[in-house]
Amino acid sequence: MVLKRGRPVPLVPRMNEPVKKKQRVDGQEDMNVDDILIAIQQHMLNQCLCPLSESVLCKPFQGSRLVSDIQGEYRVPLLADWGRDRILLFISTLQLLCEVAIKQNARGLMCKRLGEICDTLVRNEYGLIEQLIEFSSHTDPFICFAASRALSAFFIVSKSHVDPNWLECLTENAVVTTATQSQISFSLEVIKRVVEWKDLDCHPLEDSSEDKPPTTCIVISLSDPDSLDTSQIKCLCIKALEAKWPAIVDKFDALIGNYSNENESTIVTFLGLWEAIISVKANLSVVDTKPFYAHLNNFVMLLNSAVPPGIWKHLLGLFNEVLCYGSTLALQDILAEEPCALAHLVVRSVKDWHLLDTLPYRGGSGRFGGGAGDGDRPLLQKMVLLVLKSVAVTVKETRCDSSSDSSLGSEAEDVDADMAVIERSIREVLRQLDQCVKTLLPFHPETPVAQWVVQLFADQDDALIEGMVCCLDVAVGLFYRNTAQLDLRHTLSPAATFVQFLLAVSHDPDVLLDLLVSNETCFLLYLLRLLKFVRRNWGDFVACCGRELDDTISVLIRLRFAIDRLVSKDLFPYNINPVVRLLEKCEQLYEGNDN
């Protein structure tokens, strides 16, 4: 059934101009559908469809099936009647049209003819969207995959002009008992790609000419501020999914609990969608995403040796996204209930239920470092990062609660008692984590967490810096208690971590400068908190650095010089003065130490 064709705001403004007689372009009228589709793809490489006549462009989208609705009769192609190669060619062309239109739309200049054909597609005048959704049950996996990609691109270019029935059909596929694994994956993948879509953000130094139509193209200038925003279609997808989410979660809880290899792809798609919804990168509101934080604890309990490493990695990726410590939680004064509950469960699972003993690679062919075939280092990295985040969240929550209680008149002894209990739990969790890592990696038995955390994450800047922030915050959160055990101070020594980090980057201040300028890690947060720690604990810092003190301070001094050069040229992207002042203070302490 073809749905009613709506009349949304067109991508390209329609002018009140008289209907012109279609011009014939020599040779084009004789082209068959396949030739036209290939020609469209070739012209899309140049970002322009102007060389193709309107009648030729419409030909692939017009068919022999006559349908009618309240707005009249029209003909649509019946894609299922075509051969496999033509279907794939058509769907890939449709996806390319939408994706080029998205990029040109973001740049503010669009090929007029491309805009017109996309406008026609958005209004679903050819009844293609229902047919793309029907391909979710196609027996050919390539057609299924291509249709899902084209459909998600169509939704993105459509913004809010999407028929709710289409989203209802997709989400229904994920819950009905008669749906195949292919249909479930198809529906979830479409929504996942929409939610993951990142609005184009062109760097000032980036050459964007490749996304612009050529000078010979008839272009339309787009000035609508909403044309760059995909939040509307994301919210529509999330709202359609929300009503079905409890049933979807129950379905996948059962699929993972009774794991079968044939369900692996579908499970991975589901976990990827869940992570995308939770991710801060999706730019969804807290209100929209809150319903999707439910049921997380149930999935922690699914982590066992019967679940393969691939599923473990995606589960750990989901939990790590919930505990987005470096980018969000570390900056908040009051933590939300959901991440705190997850952190508590992870801590308890490690401490009391020995979660680390169930990591699935233990039955594999060898240990880490034995060869490329072992390939489970990312699994260990995700597990370690999750534990460090959980510990950091637990400490932060306890300190926040204690501060709140103290302001109401609680005794300082009660606050100290709370932290003492937390400290005992954390010492046991870190002991088990340390034992697990050293069983799998060739670290010296005396290497503390503060050092091996840098070596473990040396190939992942974002995870490395976030892990360092976690260790630093836990140390600061516990060390203010003079009764904190010396072994814990050694295990989490912030100075030892920083010295090891500088060794890993060969004492190059330019690396630190790049990390400060980049928005891909939380290095600014780490450096600020580290320098504050150094200022308050200068004696301990000097003692820990030992012979590395001169090299360590030298890097900080050269970093300050590099920052000053950029600031003098007004090239630093934000106010870096707080860091500069702390660097100067550390330099003064160092000079006083020499005297």
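Residues numbered from 1 in each chain as written. Predicted model: local features only at pLDDT ≥ 70, side-chain atom pairs only at ≥ 80, totals over all residues. Heavy atoms only, no water.

Per an unreviewed UniProt entry, the protein goes by Protein lines and derives from Timema tahoe.

Chemist: Tell me what's going on with the overall build of the protein, and back it up with residues and numbers.
Modeler: A tally of helices and strands in the protein yields 26 helices and four strands. Here the protein, with 595 residues, has 51% of them falling under the buried criterion. As displayed, the protein offers around 28,100 Å² of accessible surface, 51% of which is attributable to carbon and sulfur atoms. (Helix = DSSP H or I, 4+ residues; strand = E, 2+ residues; numbered from the N terminus. Buried < 20%, exposed > 50% of the residue type's maximum accessible area, 1.4 Å probe, protein only. Areas by Shrake-Rupley, 256 points an atom, 1.4 Å probe, with all protein chains shown as cover.)

Chemist: Account for the layout of surface pockets, naming residues and giving values.
Modeler: Size it by volume and the largest pocket reaches roughly 1,600 Å³. Around the largest pocket, the lining is made up of 42 residues, and of these Lys281, Asp462, Asn519, Glu520 and Thr521 lie nearest the centre. With five residues, the top contributor of residues to the lining of the largest pocket is helix 16 (residues 377–407). Here the residues of the lining of the largest pocket are counted per class, giving 19 nonpolar, 12 polar and 11 charged. (1 Å grid on protein atoms, 1.4 Å probe; cavity = no way out; pocket = protein on both sides within 12 Å on 5 of 7 lines; lining within 4 Å. Points joined across faces, edges and corners; volume = space filled by probe spheres on them. Nonpolar A, V, L, I, M, F, W, Y, C, P; charged D, E, K, R; others polar.)

Chemist: Let's hear about the UniProt feature "domain: Protein Lines C-terminal" (unreviewed entry) in the protein: which residues, and what values?
Modeler: Feature annotation in UniProt places "domain: Protein Lines C-terminal" (unreviewed entry) on residues 552–588, given in this structure's numbering. Along residues 552–588, the helical share is 78% and the strand share 0%, with 14 Å between the first and last C-alpha atoms. (UniProt positions renumbered as here; feature names shortened; annotations may be inferred.)

Chemist: Hey, could you go over the packing of aromatic side chains for me, with residue numbers and the actual values?
Modeler: Within this structure, the stated rule accounts for 18 aromatic pairs. With a centroid separation of 5.1 Å and an interplanar angle of 85°, the aromatic rings of Phe572 and Tyr574 are classed as edge-to-face. Judged by relative accessible area, which is 26%, Tyr574 ranks as partly exposed. An aromatic cluster is defined as three or more aromatic residues linked by ring pairs; in this entry it consists of Trp245, Phe252, Phe270, Trp274, Phe292 and Phe299. Its guanidinium or amino end placed over the ring of Trp82, Arg86 lies 5.5 Å from that ring's centre, counting from NZ or CZ. If you follow Arg489 out to its NZ or CZ, it ends over the ring of Phe479, 5.0 Å from the centre. (Phe/Tyr/Trp six-rings, centres within 6.5 Å; stacked < 30°, edge-to-face > 60°. Lys NZ or Arg CZ within 6 Å of the ring centre and 35° of its normal.)

Chemist: Can you explain a negative patch on the surface? Please cite residues and give values.
Modeler: A surface patch of like charges, here negative, comprises Asp459, Asp461, Asp462 and Glu520. Relative to the helices and strands, Asp461 resides in helix 19 (residues 461–479). By relative accessible area, which is 45% here, Asp461 ends up partly exposed. (Patch = residues over 30% accessible without salt bridge, like charges linked within 9 Å, V, L, I, M, F, W, Y side chains within 5 Å. Salt bridge = Lys/Arg side-chain N within 4 Å of Asp/Glu carboxyl O. Lys, Arg positive; Asp, Glu negative; His and termini not counted. Charge placed at Lys NZ, Arg CZ, Asp CG, Glu CD.)

Chemist: Residue-level account of the nonpolar core, with values.
Modeler: With 199 residues, the main nonpolar core has Phe155, Phe319 and Phe501 as its most contacted residues. Ignoring anything within four residues of it in the chain, the contact list for Phe501 reads Val454, Leu464, Ile465, Met468, Leu512, Leu515 and Phe523. (Core = buried A, V, L, I, M, F, W, Y, C linked by side-chain atoms within 4.5 Å. Contact = heavy atoms within 4.5 Å.)

Chemist: Tell me about the confidence of the model for the protein, residues and numbers included.
Modeler: Residues with a pLDDT of 70 or more make up 84% of the protein, whose mean pLDDT is 87. Within the protein, no element has a lower average pLDDT than strand 1 (residues 65–69), which sits at 56, and none a higher one than helix 18 (residues 449–456), at 98. Throughout residues 1–25 the model reports pLDDT below 50, and contacts reaching past four residues in sequence, or to other chains, amount to 51 contacts. Segment residues 202–206 is flagged for pLDDT under 50; beyond a separation of four residues in sequence, or across chains, it makes three contacts in the model. (pLDDT = per-residue confidence, 0-100.)

Chemist: Residue-level account of the packing of helix 6 (residues 141–158) against helix 8 (residues 181–196), with values.
Modeler: Helix 8 packs onto helix 6 with a crossing angle of 35° between their chain directions and a minimal axis gap of 9 Å. Judged by the sense of rotation from one axis to the other, the crossing of helix 6 with helix 8 is right-handed. Where helix 6 abuts helix 8, its residues Cys144, Ala147, Ser148, Arg149, Leu151, Ser152, Phe155 and Ile156 lie against Ser182, Phe186, Glu189, Val190, Arg193 and Val194. Class assignment of the residues belonging to the contact of helix 6 with helix 8 gives a composition of eight nonpolar, three polar and three charged. (Axes fitted to C-alpha atoms, helices over the stretch in contact; angles between N-to-C directions. Left-handed = near helix turned anticlockwise from the far one by under 90°.)

Chemist: Describe a positive patch on the surface, listing the residues and the values that go with them.
Modeler: The grouping of Arg399, Lys532, Arg535, Arg536 and Lys585 at the surface amounts to a positive patch. Considering every element that reaches the positive patch, the biggest residue donor is helix 23 (residues 523–536), with three residues. Tracing the chain through its elements places Arg399 in helix 16. Residue classification places Arg399 among the partly exposed positions, given a relative accessible area of 33%.

Chemist: I'd love a proper account of the state of the cysteines, names of residues and values included.
Modeler: Throughout the structure, instances matching the rule amount to zero disulfides. With no disulfide of its own, Cys48 lies 3.4 Å from the sulfur of Cys217, the closest cysteine sulfur. With a relative accessible area of 5%, Cys48 lands in the buried category. (Disulfide = S-S within 2.5 Å.)

Chemist: Now, about the pattern of salt bridges: what can you tell me, with residues and values included?
Modeler: Side-chain pairs of opposite charge can arise where the charged atoms are in close proximity. Within the structure shown, the criterion is met by 24 salt bridges. In this structure, the salt-bridge partner of Arg431 is Glu428, at a minimum N-O distance of 2.8 Å. Taken together, the positions of Arg431 and Glu428, both in helix 17 (residues 412–440) and three residues apart, correspond to about one turn of that helix. Taking relative accessible area as the criterion, Arg431 reaches 44% and is therefore assigned partly exposed. Residue classification places Glu428 among the partly exposed positions, given a relative accessible area of 25%. As a salt-bridge pair, Arg560 and Glu587 come within 2.9 Å of each other at their nearest N and O atoms. With Arg560 in helix 25 (residues 549–568) and Glu587 in helix 26 (residues 577–594), the pair connects residues that are 27 residues apart, well separated along the chain. For the residue pair Arg560 and Glu587, the accessibility class agrees, reading buried in each case. Three or more residues are tied together by salt bridges with common partners; here these are Arg84, Asp85 and Asp140.

Chemist: Describe helix 11 (residues 264–278), naming the residues involved and giving the relevant values.
Modeler: Between its terminal C-alpha atoms helix 11 stretches 21 Å, which fits the 21 Å expected from 15 residues at 1.5 Å a residue. Within helix 11, the full set of buried residues consists of Thr266, Ile267, Thr269, Phe270, Leu271, Gly272, Leu273, Trp274, Ala276, Ile277 and Ile278. On its buried side, helix 11 packs onto helix 8, helix 9 (231–242), helix 10 (245–257), helix 12 (286–289), helix 13 (296–300) and helix 14 (309–322). (Expected span 1.5 Å × (residues − 1).)

Chemist: I'd love a proper account of unusual backbone geometry, names of residues and values included.
Modeler: With phi around 65°, Gln47 is a residue other than glycine that occupies positive phi space. With respect to the helices and strands, Gln47 occurs in the loop between helix 1 (33–44) and helix 2 (54–58). Even without a glycine there, the phi angle at Asp570 is positive, about 55°. Along the chain, Asp570 falls in the loop between helix 25 and helix 26. By relative accessible area, which is 68% here, Asp570 ends up exposed.

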